[in-house]
Amino acid sequence: TRYNLAQRLVHKAFDSSYSPIVVDDSPDLKVMASFSTLGAIVEKQRLPGMDGSRRQVFGFAENYFQTTYGDEDAITIWAEPEKDDIVNLIPLLIAPIQNDEADIVIAGRTPASWSTYPSIQMQSEEVANTVYRHMTGIDADPMFGPVAFSRKVAMFFTTCNPRSFGVTTGYIQHVAPL
């Protein structure tokens, strides 16, 4: 289940000395407690919907970094729970940001990774990625999900509302880099 995958992601991140942050809307307080026990910083979801919860977690992360690190440039990484292996790739994902080569890095899939997806999902996400490339000129795999960004651009993620562009989606991480 997504809950088990989320627990695994939090556990891997914490064990790798990262600070996982979870915004949770479960009515069962034991869920939030379980994430805290695994080392996550947990906040109850206040903003409704997927886009609201993402803005909330991005804003919470920015406030946490400001309080914890001051002006130091921390990097936020967002991933869905089922992407728990992304923890192993964090050094690769954040290197362009650390080297001042990028402010935003969109993770992508290898051909081997693509082959593990159901055919319909692979086809629909390839079409969506093609549209994204056509509309933005950015050769990326945003449908994969994970994205890393520096504090310099955090405001784009905390304030992004895709609906203001006429897009009815909660996928802030796809629209904010634009």
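Below is a short write-up of the structure. Position numbers for residues count from 1 along each chain, tracking the sequence in the order it is written. Two thresholds apply to this predicted model, a pLDDT of at least 70 for residue-level local features and 80 or more for giving and counting side-chain atom pairs, whereas whole-chain, interface and lining totals are computed over all residues. To get the side-chain values, take all heavy atoms of the structure and skip hydrogens and water.

Section: the nonpolar core
Right, so step 1: Residues I86, V87, L93, V105, A107, F144 and A148 are the most contacted members of the largest nonpolar core, which totals 14 residues.
Right, so step 2: The set of elements that each furnish at least two residues to this core consists of α1 (2-15) and α4 (90-98).
Right, so step 3: Helix and strand assignments come from DSSP, with helices taken as H or I runs of at least 4 residues and strands as E runs of at least 2, each series counted from the N terminus. Residue contributions to this core peak at 4 residues, all from α4.
Right, so step 4: Remark: nonpolar core denotes a set of buried residues (Ala, Val, Leu, Ile, Met, Phe, Trp, Tyr, Cys) joined through side-chain atoms within 4.5 Å. For the exposure calls, accessible area comes from a 1.4 Å probe over protein chains only, and a residue counts as buried if that area is under 20% of its type's maximum, exposed if over 50%, partly exposed in between. Grouped together as the second largest cluster of nonpolar side chains are 9 residues, V23, V57, F58 and A154 included.

Notes on the pairing of strand β1 (residues 21-24)
Right, so step 1: We treat two strands as partners when DSSP finds at least two bridges between them. Judged from the 4 bridges that link them, β1 and strand β2 (residues 41-44) form a sheet pairing that is parallel. Across the sheet, V23 pairs through a bridge with E43, a residue of β2.
Right, so step 2: The handedness of the β1 to β2 crossover, carried by helix α2 (residues 29-37), is right-handed. By the criterion used throughout, a crossover qualifies as right-handed when its path from the first strand across the helix to the second strand runs clockwise, the strands pointing away from the viewer.

Quick word on the packing of aromatic side chains
Right, so step 1: Any Phe, Tyr or Trp ring, taking Trp's six-membered ring, that has another such ring centre within 6.5 Å forms a pair; planes under 30 degrees apart are called stacked, those over 60 apart edge-to-face, and the others tilted. Counted under the stated rule, the structure contains 5 aromatic pairs.
Right, so step 2: The interplanar angle of 40 degrees and the centroid separation of 5.9 Å between the aromatic rings of F65 and Y69 together place this pair among those described as tilted. Of this pair, F65 and Y69 are both found in helix α3 (residues 49-69), 4 residues apart, which corresponds to roughly one turn of the helix.
Right, so step 3: Judged by its relative accessible area of 9%, F65 is buried.
Right, so step 4: Ring plane angle 50 degrees and centroid distance 6.0 Å describe the contact between W114 and Y117, whose orientation is recorded as tilted. No difference in accessibility class separates W114 from Y117, as the two residues are buried.
Right, so step 5: A connected cluster of aromatic rings, assembled from ring pairs, spans Y64, F65 and Y69.

Some remarks on α4
Because an α-helix completes one turn every 3.6 residues, residues spaced three or four positions apart along the sequence face the same direction.
Right, so step 1: Where α4 is concerned, the buried positions are I90, L93, I94 and I97. Buried residues of α4, viewed axially, fall in a sector of 80 degrees; they line one side.
Right, so step 2: Throughout, a residue-residue contact means that at least one pair of heavy atoms, one from each residue, lies within 4.5 Å. Looking at the buried positions of α4, the neighbouring elements they touch are β3 (75-78), β4 (104-106) and β5 (147-150).
Right, so step 3: Note on α4: the residue one or two positions beyond its end, D100, has a positive phi of about 55 degrees. Our arc is simply the arc of the directions from the helix axis toward the C-beta atoms.

Side note on unusual backbone geometry
Right, so step 1: Non-glycine residue S17 carries a positive phi angle of around 70 degrees.
Right, so step 2: Among the secondary structure elements, S17 is positioned in the loop between α1 and β1.
Right, so step 3: Phi is positive for D100, which is not a glycine, with a value near 55 degrees.
Right, so step 4: One can find D100 in the loop between α4 and β4.
Right, so step 5: Given a relative accessible area of 64%, D100 falls into the exposed group.

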